[in-house]
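Summary of the model geometry
Each chain, written out:
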Amino acid sequence: MLITHDTQCALDVLVDLLNTDPDAGGQEGLPDLAALRGFVVRHEISEIGTLGTEDLAAVRRVRGQFRQVFLADSTRAAAELVNALVARAGSTPRLTDHDGHDWHMHFFAPNAALADHLAVEAGMALAFIVVAGERERLRRCEAPDCARVFVDLSRNRSRRYCDSRTCGNRLHVAAYRARQRTATDTPDAMTPTR
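These remarks concern the structure in this document. Remember, predicted model here, so these are calculated numbers, not experimental data.

Across its full length, the protein holds seven helices and four strands. The N-to-C order of helical and strand elements in the protein reads α-α-α-α-α-β-β-α-β-β-α. A total of 194 residues make up the protein; the buried ones form 40% of that total. Taking all contacts inside the protein whose residues are at least 6 apart in sequence as the whole, residues at least 24 apart take part in 53%.

Listed below in structure tokens is the structure:
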């Protein structure tokens, strides 16, 4: 699947946003305005005005709506959710080359509210995934104790965990230890009985 750099960046921002949800990590990842500002800086989100408490509430609402896209039971349901997010935020597609970045698309209106910015940019990125027939790439981590989400961009759609170093490793080590316990608990088939 060919995915542009802009779409990849928007998906990365979206996944990070979704994984700030208390349902994903056990605690609120955007507890206050300072955390929201940190999120904006970390992801180099540009062309937004001064952030206020209403922005924090709006971003949390949009986050919840995007979570529903990942949990949708059909492509039609996911498409309807994405359409609603983009329509509410309003879209103003335009080419731009700001802050040392080469020419790329922005889909949000200049100086849009942060929630609208996120809704349109991430909504369009998800729209590209849906149009490509790749909705199954929107996944939830398969670790039983993890509710984080990710976009599987591996060639063969084989990614199972939000992070192979944490969830994947933890489950592989647990399975290995369980096999080792089972091996020591059962008598060796090669040992002759008398």
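This next bit is on the state of the cysteines. For the structure on display, the rule yields zero disulfides. With no disulfide of its own, C146 lies closest to C167 among cysteine sulfurs, the gap being 3.7 Å. C162 forms no disulfide, and the closest cysteine sulfur to it belongs to C167, at a distance of 3.8 Å. C162 gets classed as buried once you look at its relative accessible area, which sits at 13%.

Here the focus is helix α3 (residues 33-42). Of the positions making up α3, those classed as buried are L33, L36, F39 and V40. Across the axial projection of α3, the buried residues extend over an arc of 115 degrees, all falling on one side. Away from its buried face by more than 90 degrees, α3 exposes A34, V41 and R42. Residues of α3 that are buried sit in contact with α1 (5-18), α4 (53-71) and α6 (114-131). Two or three places before A34, at the opening of α3, D32 has a side-chain oxygen 3.3 Å from that residue's backbone nitrogen. In the stretch just after α3, E44 is the one whose phi turns positive, near 50 degrees.

At a closest axis distance of 8 Å, the pairing of α4 and α6 adopts a crossing angle of 20 degrees. In terms of axis orientation, α4 runs roughly parallel to α6. The way α4 lies across α6 gives a crossing that is right-handed. Where α4 abuts α6, its residues D55, A58, V59, V62, F66, V69 and F70 lie against L114, A115, L118, A119, A122, G123 and L126.

What follows deals with unusual backbone geometry. A positive phi is found at E44, a non-glycine position, where the angle reads about 50 degrees. Residue position: E44 is located in the loop between α3 and α4. Since its relative accessible area comes to 57%, E44 is described here as exposed. Here the phi dihedral of E47 falls at roughly 60 degrees; this positive angle occurs in a residue that is not glycine. For E47, the location among the structural elements is in the loop between α3 and α4. By relative accessible area, which is 24% here, E47 ends up partly exposed.

This part covers the environment of V15. Of note, V15 is situated in helix α1. Placed 133 residues apart in sequence, V15 and R148 show a C-alpha to C-alpha distance of 8.5 Å.

Criteria and thresholds
Residues numbered from 1 in each chain as written. Predicted model: local features only at pLDDT ≥ 70, side-chain atom pairs only at ≥ 80, totals over all residues. Heavy atoms only, no water. Helix = DSSP H or I, 4+ residues; strand = E, 2+ residues; numbered from the N terminus. Buried < 20%, exposed > 50% of the residue type's maximum accessible area, 1.4 Å probe, protein only. Contact = heavy atoms within 4.5 Å. Disulfide = S-S within 2.5 Å. Arc of directions from axis to C-beta. Polar contact = N/O pair within 3.5 Å; in protein donor to acceptor, adjacent residues only side chain to side chain. Axes fitted to C-alpha atoms, helices over the stretch in contact; angles between N-to-C directions. Parallel < 35°, antiparallel > 145°, perpendicular 65-115°, else oblique. Left-handed = near helix turned anticlockwise from the far one by under 90°.

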